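Here is what each chain is made of, one letter per residue.
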Protein chains: 2
Amino acid sequence: MAQAACLWQGSKRELGFSGAVAVSVFSEVSSNDLVTQIARQITEAIVAGRLKPGERLTELQLSREFGTSRAPVREAARLLESQGLVTFSPRRGFFVRTLEASDLRDIYELRIGLELHAASLAVERATDKDIELLERQMRRLYDMADADSIEAQIFEDFAFHRMLCMASGNARLIRVYDEIAMEMRAGITLIGKLYDDPHRMAETHEPIMSALRDRDGERLREALRYHIAVARDAVVALFEETGGVI
Amino acid sequence: MAQAACLWQGSKRELGFSGAVAVSVFSEVSSNDLVTQIARQITEAIVAGRLKPGERLTELQLSREFGTSRAPVREAARLLESQGLVTFSPRRGFFVRTLEASDLRDIYELRIGLELHAASLAVERATDKDIELLERQMRRLYDMADADSIEAQIFEDFAFHRMLCMASGNARLIRVYDEIAMEMRAGITLIGKLYDDPHRMAETHEPIMSALRDRDGERLREALRYHIAVARDAVVALFEETGGVI
DNA sequence: ATAATGTCGATTGTCGACAATTGACACTTG
DNA sequence: CAAGTGTCAATTGTCGACAATCGACATTAT
């Protein structure tokens, strides 16, 4: 339904590439892998809200839109299923995942556990460069507030928290964090409405940075817990208020 | 290579089923889904050590052994990749994941964060039934110790910790825990050697149960942290000692 | 002898086709 | 009129085939 043709832009031949000159000069020559590209496009369509929760994903239709056969689409869809973005019902197909309020609560609760654990580790292991990167990310949050671009600010907000996790130095933790971050982003357009003033959204990160700078683990955890709990309560409330998605 | 024919037993027609009489009397009629079955079998082969880390998984060979075409095998392999059990190299194929000592450290470190968070929640939310189930699981640990079955005891140990996570009441947390548990199990045959006396292995769970019974969050977290950290250090040490896998 | 180059088999990436199953609609029957 | 039944289009599950690509081996030049 709808004008599906413009759901995704760009074809599978998006990076024209002529030839290699030396080794490891070019970054990721092989961004091929149709499956990955398809998965990325569907993911983007979901988190951007172009695909509505509960909507059925028909293999044939998707394959037609991507100009491929069904095989890569199936594999991409299964990938997304393992990430929790879509559900899969045998013999019925794939559907964009619908989130209940309880799901949101679970996700944010899990995020608190993960991120506080990451923070505890980061306090001990964060390098000066890690902190410098986070400081820069803070400035970017303010820049996006100035630019009044809600979407961009949300993106940078995610980047900030991801950097914090990276400072933990635990690769597995980041992998898991990325997974639930993907789930959070599915209902993320909500968050844009949480902060009337974009600057306030940026400012709420200050206590976190402050505690990290001082390497004060207890304060950092408490600041983070408060920061995330506020977001959680607001998201859940707004979610229940609007009676579901979008 | 090797006698691959007996890596997996059972065919895709393992559950002969005649007809339905009423509704929701039979559990999971559709355990079909070749992909799931294949994924499960490969998983089992990996955690059981029949497939060695680093070993290449050839689609054609796997499909021949399962008696299917390559398509379901590919999808199953991608599923396992998203779970971290196998790695995928474009144009090269799938390989059983190799674990470094640092990976094990990361996994156990993450497990500490997850399980302690689960414990914090469980202290407040665990029902009497949850605790009863855990008590029963404790007895099972001792039973397996009596039976002197290391493998079975490891299995029950996992079940115990999983139950603890379930008592948290957070579905997402369990999903994530299952993922990293899968990764832990990949190098799990190690753990069998950690405890000379199987009874001691069972006993190390007592402080955890005790703290949970008393709903003492701080004591529970501390008992768990110690319990897991001991396992982590022992596993890593044994891992580095044997210079790798198996 | 060593390094670069060319060739070839093996394996993956993708495709189109066919059988099996589902859900919906129309139809029959009490 | 309601409940059950039969039929059918749409969609998934699986397959075999072909082209593209990679790694290994043989070959050649320096």
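Provided above is the structure to which this section pertains.
The rules we used
Residues numbered from 1 in each chain as written. Chains lettered and ligands numbered in written order. Predicted model: local features only at pLDDT ≥ 70, side-chain atom pairs only at ≥ 80, totals over all residues. Heavy atoms only, no water. Helix = DSSP H or I, 4+ residues; strand = E, 2+ residues; numbered from the N terminus. Buried < 20%, exposed > 50% of the residue type's maximum accessible area, 1.4 Å probe, protein only. Contact = heavy atoms within 4.5 Å. Areas by Shrake-Rupley, 256 points an atom, 1.4 Å probe, with all protein chains shown as cover. Near = heavy atom within 4 Å. Polar contact = N/O pair within 3.5 Å; in protein donor to acceptor, adjacent residues only side chain to side chain. Least-squares fit on C-alpha atoms with pLDDT ≥ 70 in both. Patch = residues over 30% accessible without salt bridge, like charges linked within 9 Å, V, L, I, M, F, W, Y side chains within 5 Å. Salt bridge = Lys/Arg side-chain N within 4 Å of Asp/Glu carboxyl O. Lys, Arg positive; Asp, Glu negative; His and termini not counted. Charge placed at Lys NZ, Arg CZ, Asp CG, Glu CD. Pairing = 2+ DSSP bridges.

A. How the structure looks around the overall build of chain A. Along its length, chain A carries 10 helices and 3 strands. Ordering the α and β elements of chain A from the N terminus gives α-β-α-α-β-β-α-α-α-α-α-α-α. In chain A, buried positions account for 48% of the 246 residues. In chain A, the proportion of contacts linking residues at least 24 apart, taken out of those at least 6 apart, comes to 72%. Put simply, chain A shows about 12,500 Å² of open surface, and 52% of that area lies on carbon and sulfur atoms.

B. Structural context of the protein's contact with DNA strand D. Of all residues adjacent to DNA strand D, which total 21 residues, the nearest are R70 and R74 of chain A together with L34, S69 and R92 of chain B. Backbone atoms, meaning sugar plus phosphate, form 74% of the atoms of DNA strand D positioned within 4 Å of the protein. At 3.4 Å, a backbone N or O of E59 of chain A approaches a phosphate oxygen of DNA strand D. In this structure, a phosphate oxygen belonging to DNA strand D sits 3.5 Å away from a main-chain N or O atom of L34 of chain B. When residues of the surface near DNA strand D are traced back to their parent elements, those giving at least two are strand 1 (56-57) and helix 3 (70-82) of chain A together with helix 3 (70-82) of chain B. A per-element tally of the surface near DNA strand D places helix 3 of chain B first, with 3 residues.

C. Main features of the relation of the copies chain B and chain A. For the match of chain B to chain A, the screw axis carries a shift of 0.0 Å, the RMSD comes to 0.0 Å, and the turn is 180°. The transformation just described matches what one would write down for a two-fold rotation axis. The C-alpha atom lying nearest the rotation axis in chain B is that of E75 of chain B; the distance is 2.9 Å. When you check the interface residues of chain B against chain A, 97% turn up at the interface there too, and the contact is symmetric in its surfaces.

D. Just a negative patch on the surface, in detail. A contiguous patch of negative charge on the surface is contributed by D196, D197, E203 and E206 of chain A. Locating D197 of chain A in the fold gives a position in the loop between helix 7 (171-186) and helix 8 (198-203).

E. Layout of the pairing of strand 2 (residues 86-89) of chain B. Residue and element names in this part refer to chain B. When strand 2 meets strand 3 (residues 93-96), the two strands line up antiparallel, connected through 4 bridges. The partner of V86 across the bridge, within strand 3, is V96. Joining the antiparallel neighbours strand 2 and strand 3 is a turn of 3 residues, in which R91 adopts a positive phi near 70°.

F. Structural view of the protein's contact with DNA strand C. Around DNA strand C sit 21 residues, and of these L34, S69 and R92 of chain A together with R70 and R74 of chain B come closest. Within 4 Å of the protein, the atoms of DNA strand C are drawn from sugar and phosphate moieties in a proportion of 75%. Taking S69 of chain A, its main chain carries an N or O atom lying 2.6 Å from a phosphate oxygen of DNA strand C. A distance of 2.9 Å separates a base nitrogen of DNA strand C from a polar atom in the side chain of R70 of chain B. Elements that contribute at least two residues to the surface near DNA strand C include exactly helix 3 of chain A together with strand 1 (56-57) and helix 3 of chain B. The element that contributes the greatest number of residues to the surface near DNA strand C is helix 3 of chain A, accounting for 3 residues.

In short, shape yes, function no, at least from these values alone.
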